[in-house]
Amino acid sequence: MLFEKHFIQDGEYWFMPNFLSEDQVIQHESLLLNTIEWKQEEVYVFGKKYKEPRKTAWYGDEECIYSYAGKTNHPKPWTEALLQLKTNIEALIPGASFNSVLLNQYRDGNDKMGWHSDNEKELGKNPLIASLSLGATRFFDLKHKRLKSLKKRLELPAGSLLIMCGSTQENWLHQIPQQKTVKEPRINLTFRRVI
Ligand SMILES: O=C(O)CCC(=O)C(=O)O
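Predicted, not measured: the structure shown is a model, and the values here were computed from it.

Rules of the game
Residues numbered from 1 in each chain as written. Predicted model: local features only at pLDDT ≥ 70, side-chain atom pairs only at ≥ 80, totals over all residues. Heavy atoms only, no water. Phe/Tyr/Trp six-rings, centres within 6.5 Å; stacked < 30°, edge-to-face > 60°. Helix = DSSP H or I, 4+ residues; strand = E, 2+ residues; numbered from the N terminus. Buried < 20%, exposed > 50% of the residue type's maximum accessible area, 1.4 Å probe, protein only. Lys NZ or Arg CZ within 6 Å of the ring centre and 35° of its normal. Near = heavy atom within 4 Å. Polar contact = N/O pair within 3.5 Å; in protein donor to acceptor, adjacent residues only side chain to side chain. Areas by Shrake-Rupley, 256 points an atom, 1.4 Å probe, with all protein chains shown as cover. Nonpolar A, V, L, I, M, F, W, Y, C, P; charged D, E, K, R; others polar. Patch = residues over 30% accessible without salt bridge, like charges linked within 9 Å, V, L, I, M, F, W, Y side chains within 5 Å. Salt bridge = Lys/Arg side-chain N within 4 Å of Asp/Glu carboxyl O. Core = buried A, V, L, I, M, F, W, Y, C linked by side-chain atoms within 4.5 Å. Contact = heavy atoms within 4.5 Å.

**Q** Give me the packing of aromatic side chains: which residues, what numbers.
**A** Scanning the model with the defined rule gives two aromatic pairs in all. Seen in terms of ring centroids, Phe3 and Trp14 are 5.5 Å apart; in terms of plane orientation they differ by 50°. Their pairing is tilted. Here Phe3 is found in the segment before strand S1 (4-8), whereas its partner Trp14 is found in strand S2 (residues 11-16), with 11 residues between them in sequence. Note on Phe3: relative accessible area 15%, which makes it buried. Judged by relative accessible area, Trp14 falls into the buried class, the value being 11%. On the numbers, 6.0 Å between centres and 50° between planes, the contact of Phe98 with Phe191 is tilted. Of this pair, Phe98 sits in the loop between helix H2 (80-90) and strand S8 (100-106) while Phe191 is found in strand S15 (residues 186-192), placing the two residues 93 residues apart along the sequence. Among the residues examined, Phe98 registers a relative accessible area of 3% and is labelled buried. When the ring centre of Trp14 is taken as reference, the NZ or CZ atom of Lys5 above it lies at 4.0 Å.

**Q** How would you sum up the site of the ligand? Please name residues and give values.
**A** Every one of the 13 residues lining the ligand counts as a neighbour, but Tyr106, His116, Asp118, His174 and Arg186 are closest to it. The separation between an oxygen atom of the ligand and a polar side-chain atom of Tyr106 is 2.5 Å. A distance of 3.0 Å is found between an oxygen atom of the ligand and a side-chain nitrogen or oxygen belonging to His174. Contact with the protein chains covers 98% of the free accessible surface of the ligand, which is 290 Å². Going through the elements one at a time, S8, strand S9 (113-116), strand S14 (172-176) and S15 are the ones with two or more residues in the shell around the ligand. Counting residues per element, the shell around the ligand draws most heavily on S15, which supplies four residues. Of the residues in the shell around the ligand, the class split is five nonpolar, five polar and three charged.

**Q** I'd love a proper account of a nonpolar patch on the surface, names of residues and values included.
**A** A cluster of nonpolar side chains, contributed by Val45, Phe46 and Tyr50, occupies part of the molecular surface with about 380 Å² of accessible area. The topology assignment puts Val45 in strand S3 (residues 42-45).

**Q** Give me the lowdown on the environment of Asn88, citing residues and values where you can.
**A** For Asn88, the position within the fold is in helix H2. The partly exposed category is assigned to Asn88, whose relative accessible area is 35%. In this structure the C-alpha to C-alpha distance between Asn88 and Glu4, which are 84 residues apart in sequence, comes to 18 Å.

**Q** Lay out the nonpolar core with the relevant residues and their values.
**A** Formed by 29 residues in total, the largest nonpolar core has its most connected members in Leu82, Leu103, Leu161, Leu189 and Phe191. For this core, the elements supplying multiple residues, two or more each, are S2, helix H1 (22-35), strand S5 (55-60), H2, S8, strand S10 (129-135), strand S13 (161-165) and S15. In this view, Phe191 contacts Trp78, Leu82, Leu85, Lys86, Ile89, Phe98, Ser100, Val101, Leu128, Ile129 and Ala130; residues no more than four positions away in its chain are not counted. Core analysis: the next-biggest nonpolar cluster, separate from the first, contains 13 residues, Phe15, Phe140, Leu156 and Ile176 among them.

What follows is the structure, encoded as structure tokens:
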């Protein structure tokens, strides 16, 4: 299995459309939907409380405390299935070693994730983020932080693996936009190394 490597201005991403087979996708999707402790978290934006427009969960090594959207998160311990996925992804990327995974569940096309970069200080400089998609295909948008005309729209189908690396988080934002026509759920797992 090989990655398609894409070198973009001030960044880099790698893509593998078929990291998981169709059977593996179905197995993992139903297992994760049913066994992960999903929560719809509340966040404060300019002092106002909102429910996040998706469900999330955080799993990993015990010491991986991670601040996200102004909150400190303690991970749940790895499940067998998550550990297996982590090991299989690490085997494809020389030097990769993840100690945590953030899971997002987009219940349908109304759920979304706004523009952001994974640039929290706990991830260090130039983090490598491995993002596995299951369920509905959704758009994944990228835009350069300074060069406003630089934008990209990818589609992330079930079973695909996207790696963001190099200085992508420093220079680019990404989002999962709403897609009202999508009626099925999507699950995304981003494997990370928290320092
Ligand atoms: O759902 C996705 O593909 C993106 C997830 C994401 O951007 C994140 O977890 O930071």
